[in-house]
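Next come the chains, spelled out residue by residue.
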Amino acid sequence: MGIRKLFKLPLIIVFFVTIIIVIFLFANLRTSAVEVTGINFIGEATLPTGTNFQNTELGGLSGITYDTRKQLYYAISDDRSQKSPARFYTFEINLNTNSFQESNIKPVAVITLKDKNGKSFSAGTIDPEGIALNDNSSIFVSSEGNADRGINPFIKEFSVNSGQEISNLPIPEKFLPSQDKKQGIRNNLAFESLTITPDKKYLFTATENALIQDGDKAKPNQGSLSRILQYNLLTKKLEKEFLYPTKLVKPFFKLTGRFSSGLTDLIALDNQGHFLSIERTFTGFGFVNSLFKVSLENADDIQKIDSLQQIDSQAINPVEKELLLNLGKLNVALDNTEGLTIGANLPNGQLSLILVSDNNFNKLQRTQFLAFQLEIESHLERLLRLIRERF
């Protein structure tokens, strides 16, 4: 109904129509998506490679998650039980809106991961990359496995307090590396990311690059076809998969011939399929890191497609991506950024975003934390937007 027609109706009808519209819009406000409208950089804090904490080398931080109740951050180390048993660290991070530095970060504890038999993981049997808080007593951890050695990836649940394995999620056959190397994950390009929706109903992970049967891995000037996986945590079953094309990156120089690019983490913003993602590229001459807004709203479910190369992948609706920030625009030297999480509320009430880098236990790198303030669309702004969209 147009605005002009409304004015021709009796006032009582206009009044009731207006009330119905307002009720409908406010009902949508309670369930609508979180819309990030901007991002502001707060600062950088670094820990040098070689930092020791409770008889372990603190490094290799490839994923991070935040516990609102305990006001603690949990960060997974991707040490393959080679320097010390596979583990995660807890941190206190003090945030404000004006500055961020090393003194704002305090390691609190280190927890060793234990398998179902209560033993720490043997060297080389695990490559922990992603971490997500399930509830106040457990976390999920993703491992990339080792495709070259035939070690399968996994997603397991562990106790926050003891590190003891609690449960595991099934991994579909098409993701498992085959002996003939014609199917499954690529080595070191598997389940890097891990996130759980705020209502704790769904867990999402993603491959860093395409499965072997889905297409090529990322190359200079060429992205890769990653898959996002959606698990139902109530049934512990995989429900859907989505196509996530990674960003095409053009190296500035070709000095070393080394190149690595892909999707390294996701964070769920709401329960309606909206995320932030981080893509990290090593060009051989520094890093190109980008933050994206991601939506599953119009994406096709590709769970039943075992190989994207056997179909016309151009006919598939992928996730929707919108660049939020090219981290190269920050006045800092970027490192190997692999993890991100929504953190504590800032003193001004806005949400914080924390990114962390994996230093690869390399003396030429460091563990880098980047802190941001997210600008979120207010209820009034959302109401006005809904009115504009519908009229």
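If you're wondering where the values come from, they're calculated on a predicted model, not measured in any experiment.

About the thresholds
Residues numbered from 1 in each chain as written. Predicted model: local features only at pLDDT ≥ 70, side-chain atom pairs only at ≥ 80, totals over all residues. Heavy atoms only, no water. Helix = DSSP H or I, 4+ residues; strand = E, 2+ residues; numbered from the N terminus. Buried < 20%, exposed > 50% of the residue type's maximum accessible area, 1.4 Å probe, protein only. Contact = heavy atoms within 4.5 Å. Areas by Shrake-Rupley, 256 points an atom, 1.4 Å probe, with all protein chains shown as cover. Phe/Tyr/Trp six-rings, centres within 6.5 Å; stacked < 30°, edge-to-face > 60°. Polar contact = N/O pair within 3.5 Å; in protein donor to acceptor, adjacent residues only side chain to side chain. Salt bridge = Lys/Arg side-chain N within 4 Å of Asp/Glu carboxyl O. pLDDT = per-residue confidence, 0-100. Pairing = 2+ DSSP bridges. Axes fitted to C-alpha atoms, helices over the stretch in contact; angles between N-to-C directions. Core = buried A, V, L, I, M, F, W, Y, C linked by side-chain atoms within 4.5 Å.

Draft legend 1. Spotlight on the overall build of the chain. Counting its secondary structure elements, the chain contains three helices and 22 strands. Residue burial in the chain is summarised as follows: out of 391 residues, 53% are buried. Nonlocal contacts in the chain, meaning residues at least 24 apart in sequence, comprise 61% of its contacts between residues at least 6 apart. Carbon and sulfur atoms make up 51% of the accessible area of the chain, which totals about 18,400 Å².

Draft legend 2. A look at the environment of E377. Topologically, E377 is positioned in the loop between strand 22 (366–376) and helix 3 (379–390). The exposure class of E377 is buried, given its relative accessible area of 9%. Here the alpha-carbon distance between E377 and V34, two residues 343 residues apart in the chain, equals 7.3 Å.

Draft legend 3. Inspection of the environment of N161 at higher detail. Considering the arrangement of structural elements, one finds N161 in the loop between strand 10 (154–159) and strand 11 (165–169). Through-space distance from the C-alpha of N161 to that of S138 is 7.9 Å; in sequence the pair is 23 residues apart. Ignoring sequence-local partners within four residues, the contact set of N161 consists of K70 and I111.

Draft legend 4. Quick look at unusual backbone geometry. In this structure, K181 takes a positive phi of about 60° despite not being glycine. The phi dihedral of N360 is positive, around 55°, even though this residue is not glycine. When you line up the elements, N360 lands in the loop between strand 21 (351–357) and strand 22. Among the residues examined, N360 registers a relative accessible area of 41% and is labelled partly exposed.

Draft legend 5. Highlighting the packing of aromatic side chains. All chains considered together, the criterion is met by 11 aromatic pairs. The interplanar angle of 75° and the centroid separation of 4.8 Å between the aromatic rings of F204 and F275 together place this pair among those described as edge-to-face. Here F275 lies in strand 17 (residues 274–282) and F204 lies in strand 13 (residues 202–207), a separation of 71 residues in the sequence. Using a relative accessible area of 4% as the deciding quantity, one classes F204 as buried. On the basis of relative accessible area, F275 is assigned to the buried category, the value being 2%.

Draft legend 6. Fine view of the side chain of S167. Mapped onto the elements of the fold, S167 is located in strand 11. Within the structure, S167 has its side chain in polar contact with the side chain of E157 (distance 2.7 Å). At a separation of 3.4 Å, a polar atom in the side chain of S167 contacts the side chain of K236. Non-local contacts of S167, meaning those with residues more than four positions away in its chain, are made with K156, E157 and K236.

Draft legend 7. Representation of the pattern of salt bridges. In this structure the tally under the stated criterion is 17 salt bridges. D127 is paired through a salt bridge with R80; the nearest N and O atoms lie 3.1 Å apart. Of the two residues, D127 is situated in the loop between strand 7 (105–112) and strand 8 (128–133) and R80 in the loop between strand 5 (72–77) and strand 6 (87–93); the sequence distance between them amounts to 47 residues. Of the charged contacts in the structure, one is a salt bridge between E241 and R227, with a shortest N-O distance of 2.6 Å. Of this pair, E241 sits in strand 15 (residues 237–245) while R227 sits in strand 14 (residues 225–232), placing them 14 residues apart in sequence. R227 matches E241 in its accessibility class, with the two residues each being buried.

Draft legend 8. Quick look at the confidence of the model for the chain. Looking at the chain, the pLDDT average stands at 91 and 87% of residues meet or exceed 70. A low-confidence stretch, residues 1–7 stays under pLDDT 50, and its non-local contacts, those more than four residues away or across chains, total five contacts. Contacts from residues 25–30, a stretch scored under 50 in pLDDT, to residues over four places away or in other chains number 11 contacts.

Draft legend 9. Region of interest: the pairing of strand 11. For strand 10 and strand 11, the ladder comprises four bridges, and the chain directions are antiparallel. Looking at strand 11, one finds that K156 is bridged to N168. Here strand 10 hands over to strand 11 after five residues, with G163 in that stretch at a positive phi of 80°.

Draft legend 10. Just the sheet that holds strand 5, in detail. Taken in spatial order, the four strands line up as 4-5-6-7 in an open sheet, and their pairing is antiparallel. The sheet terminates laterally at strand 4 (61–67) and strand 7, the two strands that pair on one side only. Neighbouring strand axes in the sheet, compared pairwise and without regard to direction, differ in orientation by 25° on average. Pairing of strand 5 with strand 6 involves four bridges; the strand directions are antiparallel. Across the sheet, the residue bridging to A75 is Y89, located in strand 6.

Draft legend 11. Spotlight on the side chain of S193. Looking at the secondary structure, you find S193 in strand 12 (residues 191–196). A distance of 3.2 Å separates the side chain of S193 from the backbone nitrogen of A206, its partner in a polar contact. Filtering out sequence-adjacent residues up to four positions away, S193 remains in contact with S142, F204, T205, A206, T264, D265 and L266.

Draft legend 12. Representation of the nonpolar core within the structure. Counting 23 residues, the largest nonpolar core has L61, Y73, F91, I93, L95, F100 and F369 as its most contacted members. Among the elements of the structure, strand 1 (36–48), strand 4, strand 5, strand 6, strand 7, strand 21 and strand 22 are those that each provide at least two residues to this core. Beyond its immediate sequence surroundings of up to four residues, F100 is in contact with I42, G43, E44, A45, I93, N94, L95, I105, F369 and A371. Listed in part, the 21 residues of the second largest apolar core include V36, F287, L324 and L355.

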